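# Survey of secondary and tertiary structure
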Amino acid sequence: MSCYTIQPLSPLTLPFSSRSITLPSLQSDRHTVHAQPLTTTTLTSITTTTTTLSAKPLSESRSQDSWVESLRFQARSNLFLEAILTYIQMTQLGIPPDNFAFPAVLKAVAGLQDLNLGKQIHAHVFKFGYASSWVTVANSLVNLYGKCGDVGDVYKVFERITERDQVSWNSAISALCRFQEWELALEAFRLMLFENVVPSSFTLVESGRRVFDGILKRNIAIFNAMITGYAQNEHDEKALDLYFQMVALDGICPNATTMSSVLPACVSCELFSDMEGMHGYVIKRGLDRDKYVQNALIDMYSRMGKIEISKYIFNCMEQRDIVSWNTLITGYVISGCHDHALNLLNQMQRVELERYGDDDCVDENRILKPNSVTLMTVLPGCSVLAALAKGKEIHAYAVRHLLASDVAVGSALVDMYGKCGCLNLSRRVFDQMPIKNVITWNVLIMAYGMHGKGEEAFEIFKNLATEGEKNIILRPTQVTFIAVFAACSHSGMVNEGLHLFHRMEEDHRVEPAPDHYACVVDLLGRAGRVEEAFELINTMPPEFDKKDAWSSLLGACRMHHKVEIGEIAANNLFHLEPNVASHYVLLSNIYSSAGLWGKAMEIRKKMKEMGVRKEPGCSWIELGDEVHKFLAGDVLHPQSKLLHGFLETLSERMRKVGYVPDTSCVLHNIDEEEKETILCGHSEKLAIAFGILNSPPGTTIRVAKNLRVCNDCHTATKFISKIVDREIILRDVRRFHHFRNGTCSCGDYW
């Protein structure tokens, strides 16, 4: 192994102050570093800029975390001089830099292109014991020498990293490309794959482009490789630019590989609108019968919302592979046609069975079988439709074909069971998973939150945070905090949620985003603290998107009858999202609840003039292999007459034991009898009635609804659960309600 000597610290005169600042003297087992007043050409030259910096008074009362967070913030904000000053101040006070401080200050040094200063910081890295034990620090050193040193410096640091990760290889390959060592960069990429390190979009795109630009004579294969790299890593505009450069400037005709790569970029690039024109060009070039191009076209049209064209192309295919089936299944899911996605999965298995039957001589590899991508795509459909039996069937298939241990499939199963009302099964799958990522933890926290288990969700979050301290890939993400805040909201844990919100950046290094503000607005609003929620929105940074926060506030105003604040929230939403029906409906409902029928009618009239239509209430229930769908006032279902009659009889039984219809939920200016008739036809009541009449006594009834359950249906379902002696699990758009023996798990807080 090569070795090298770090130069002694040389003088540095900082432009922040007229006095010299010295780094503390360091004694190391490997190096002796002498601290002297420091100077560098780089920093001295910056004094000519218009910006002048002055050293802030040193504060010994600040904690190490506070110093490090300031340093990281300055480095993230490209305030490189300020970051270096902060680093020097904290070391002067005897505050040791850690594995978070070193990457930040090394980024600052690399940004200033100051190799001499970088070597001095490198000496500190050795002194404090972070030279080989912390890969994030070592990666920052590779990046530093890649930008300021030479290939030899990069190699020496890279060679010392004992456990290289994706960033280590990215930094090394990027440096080799910067030095135009193309062959070495490709060799490093090969070694990266040999060590089973998955390349990131940075490796493939940024470094790949440098290699591409270094090749003078480019052929179709080279262009295809670069276009594919861009498209697969969501650099859609660059993929299209390169495609048109290839055709118009280089005069190279695209082939099937080119088109199968560029078509997905067409639909994802907002600046490109002639998707059908690209399809026409495919036909003109005679590429429309190519299987890979057909797969790309299926994907393109489904993402355009033209699923029928996707289906037509699929049906015209002479030969389909697993990608063809998965692409159309994904298209149905994107289009919200979850029942079609499940049916297509069944069709896929049926077609293969009909093709090969029980022929034992058939090569197993020729038979198309659902793979991990198929399962993780279709399982959310089971969640939306509350199709528990189908979800269990898919789970069994995953176990039989050794797919259940796949972290993506396992996470989807945890999510599916949670959203189908089986929290215990969700937890069991989670506990049995050999490998979990942060997504797995997030979906479990969400599951507990949706079921009103806020305290348990908070404990899971704490466990995740502990795991994250040991493994960086398990650190809580922005989504984690959304899940935790939602759990607190559903369980009335206002103080816990607020405390976490105010501490999330300092304790977990996750900055609050617009979604987090929206969650906390919901947390406060649901608890009746509407004015506080309103004030919180007013404190949001001006550049933040506030539509979700205003939406949460409007929902709270509907719940707690706050007309004035509701009008403010609605007016902001009308400006931000003029075509979203729910905003108009909520304001109309606020007016109706307050008896302001005239204003309510004005809002309804405005909706009609703008062509904005309310989403109808819809509920689903699974029976056998079918999912039955009910709309409010449904008369099209084969059993609709029977269901309405049963509900009338059941309503009479409920009245005898104390049920009183809550007609305030009918927001129309009609008489009470008409309101009661409307209440009987709510979609969740029809689904519950269907479940009672079509399942054995004692069977749990599971219903999913697309909107928030109304107060009357919530009260009625409590009475129904007691009268028919059934557990009824109802999932609305926000959470689960477990009704048993006349009570609900939400404790009437929802």
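Analysis parameters
- Residues numbered from 1 in each chain as written.
- Predicted model: local features only at pLDDT ≥ 70, side-chain atom pairs only at ≥ 80, totals over all residues.
- Heavy atoms only, no water.
- Helix = DSSP H or I, 4+ residues; strand = E, 2+ residues; numbered from the N terminus.
- Buried < 20%, exposed > 50% of the residue type's maximum accessible area, 1.4 Å probe, protein only.
- Contact = heavy atoms within 4.5 Å.
- Areas by Shrake-Rupley, 256 points an atom, 1.4 Å probe, with all protein chains shown as cover.
- Core = buried A, V, L, I, M, F, W, Y, C linked by side-chain atoms within 4.5 Å.
- Axes fitted to C-alpha atoms, helices over the stretch in contact; angles between N-to-C directions.
- Parallel < 35°, antiparallel > 145°, perpendicular 65-115°, else oblique.
- Left-handed = near helix turned anticlockwise from the far one by under 90°.
- Nonpolar A, V, L, I, M, F, W, Y, C, P; charged D, E, K, R; others polar.
- Salt bridge = Lys/Arg side-chain N within 4 Å of Asp/Glu carboxyl O.
- Expected span 1.5 Å × (residues − 1).
- Polar contact = N/O pair within 3.5 Å; in protein donor to acceptor, adjacent residues only side chain to side chain.
- Pairing = 2+ DSSP bridges.
- pLDDT = per-residue confidence, 0-100.
- Right-handed = clockwise from strand over helix to strand, strands pointing away.
- Phe/Tyr/Trp six-rings, centres within 6.5 Å; stacked < 30°, edge-to-face > 60°.

## Digging into the overall build of the chain
For the chain, the count of helices and strands is 36 helices and eight strands. Going through the 750 residues of the chain one by one, you find that 48% of them count as buried. For the chain, restricting intrachain contacts to residue pairs at least 6 apart in sequence, the fraction spanning at least 24 positions comes to 64%. Taken as a whole, the chain presents about 36200 Å² of accessible surface, with 52% of it coming from carbon and sulfur.

## Side note on the nonpolar core
Ranked by internal contacts, the top residues of the largest apolar core, which has 136 residues, are M259, L263, M278, I394, I445, F485 and L553. Residues in contact with L263, not counting those within four places in the same chain, are M278, V282, V293, A296, L297 and M300.

## Observations regarding the packing of helix 7 (residues 151–160) against helix 8 (residues 166–178)
One way to put it is that helix 7 packs onto helix 8 with a least axis distance of 10 Å and a crossing angle of 165°. When the interaxial angle is binned, helix 7 and helix 8 end up roughly antiparallel. The handedness of the crossing between helix 7 and helix 8 is left-handed. Across the interface between the two elements, V151, V154 and F158 from helix 7 touch S168, W169, A172, A175 and L176 from helix 8. Each residue belonging to the contact of helix 7 with helix 8 can be placed in one class, and the counts come to seven nonpolar, one polar and no charged.

## Concerning the pattern of salt bridges
According to the stated counting rule, one finds 26 salt bridges in the structure shown. Its salt-bridge partner being R72, residue E69 comes within 3.6 Å of it at the nearest N-O pair. On the criterion of helical spacing, the pair formed by E69 and R72 is a turn pair, its members being three residues apart in helix 2 (residues 64–76). The same class applies to E69 as to R72, namely buried. A salt bridge links K705 to E684, with the nearest nitrogen and oxygen atoms 2.9 Å apart. Within this pair, whereas K705 is found in strand 5 (residues 701–705), its partner E684 is found in helix 35 (residues 683–694), the two being separated by 21 residues in sequence. With a relative accessible area of 9%, K705 lands in the buried category. The exposure class assigned to E684 is buried, which follows from its relative accessible area of 0%. When salt bridges with common partners are traced through the structure, they connect E69, R72, R76, R509 and E511 into a single cluster.

## Examining helix 13 (residues 256–268)
With 13 residues, helix 13 ought to run about 18 Å at 1.5 Å a step, and its terminal C-alpha atoms sit 19 Å apart, in line with that. Buried within helix 13 we find A256, T258, M259, S261, V262, L263, A265, C266 and V267. Its buried side turned inward, helix 13 meets helix 11 (220–232), helix 12 (236–249), helix 14 (275–284) and helix 15 (291–303). For helix 13, the capping residue at the N-terminal end is N255, with a side-chain oxygen 3.1 Å from the backbone nitrogen of T257.

## Description of the sheet that holds strand 3 (residues 618–623)
Judged by pairing direction, the sheet is mixed, and its six strands sit side by side in the order 4-3-5-6-7-8 without closing on themselves. Each edge of the open sheet carries a strand with a single partner, namely strand 4 (626–631) and strand 8 (743–744). As paired strands, strand 3 and strand 4 are joined by six bridges and run antiparallel to one another. Each bridged residue has a counterpart across the sheet, and for L623 the counterpart in strand 4 is E626.

## Focus on helix 17 (residues 322–334)
Spanning 13 residues, helix 17 covers 18 Å between terminal C-alpha atoms, matching the ideal 18 Å at 1.5 Å per step. For helix 17, the complete set of buried residues consists of I322, S324, W325, N326, T327, L328, I329, G331 and Y332. Between the side-chain oxygen at the start of helix 17 and the backbone nitrogen of V323 there is a gap of 3.2 Å, and the oxygen is on D321. A positive backbone phi angle near 80° is found at G336, which sits one or two residues after helix 17.

## Brief notes about the confidence of the model for the chain
Low pLDDT means the predicted atomic positions in that stretch should not be read closely. Of all residues in the chain, 86% attain a pLDDT of 70 or more, and the chain-wide mean is 84. Every residue in residues 1–57 scores below 50 in pLDDT, and together they form 110 contacts with partners more than four places removed in sequence or on other chains.

## Overview of the packing of helix 30 (residues 563–576) against helix 31 (residues 581–593)
The N-to-C vectors of helix 30 and helix 31 enclose an angle of 160°; their axes lie 10 Å apart at closest approach. With respect to helix 31, the element helix 30 is oriented roughly antiparallel. As for the relative orientation of helix 30 and helix 31, their crossing is left-handed in sense. On helix 31, the residues that touch V563, G566, E567, A570, L573 and F574 of helix 30 are H583, Y584, L587, I590 and Y591. In the contact of helix 30 with helix 31, the residues fall into eight nonpolar, two polar and one charged.

## Considering the pairing of strand 5
In terms of residue burial, strand 5 counts as a mostly covered element, since four of its five residues are buried. Pairing of strand 3 with strand 5 involves three bridges; the strand directions are antiparallel. Bridged to W620 within strand 5 is A704. For the segment spanning strand 5, helix 36 (residues 711–723) and strand 6 (residues 728–731), crossover handedness is right-handed.

## Considering the packing of aromatic side chains
As enumerated under the stated definition, the model contains 20 aromatic pairs in all. When the ring of F158 is compared with that of W169, the centres are 5.1 Å apart and the planes differ by 75°; the resulting orientation is edge-to-face. Of this pair, F158 sits in helix 7 while W169 is found in helix 8, placing the two residues eleven residues apart along the sequence. With relative accessibility at 11%, the residue F158 sits in the buried group. What makes W169 buried here is its relative accessible area of 2%. Taking 5.0 Å as the distance between ring centres and 80° as the angle between the ring planes, the aromatic pair formed by F314 and W325 counts as edge-to-face. Of this pair, F314 sits in helix 16 (residues 307–316) while W325 is found in helix 17, placing the two residues eleven residues apart along the sequence.

## Here's the deal with the environment of K629
Mapped onto the elements of the fold, K629 is located in strand 4. Sequence separation between K629 and S619 is ten residues, and the spatial gap between their C-alpha atoms is 5.8 Å. The residues contacting K629, other than those within four sequence positions of it, are C618, S619, W620, D634 and H637.

## Examining the pairing of strand 3
Along strand 3, five of the six residues are buried, which leaves the element largely enclosed by surrounding structure. Between strand 3 and strand 4, which follow one another and run antiparallel, lie two residues, and G624 among them has a positive phi close to 65°.

## Comments concerning unusual backbone geometry
Here the phi dihedral of Q113 falls at roughly 55°; this positive angle occurs in a residue that is not glycine. Examined against the element boundaries, Q113 turns out to sit in the loop between helix 4 (101–111) and helix 5 (115–127). On the accessibility criterion, Q113 (45% relative accessible area) is partly exposed. With phi around 55°, A386 is a residue other than glycine that occupies positive phi space. Positionally, A386 belongs in the loop between helix 19 (372–385) and helix 20 (388–400).

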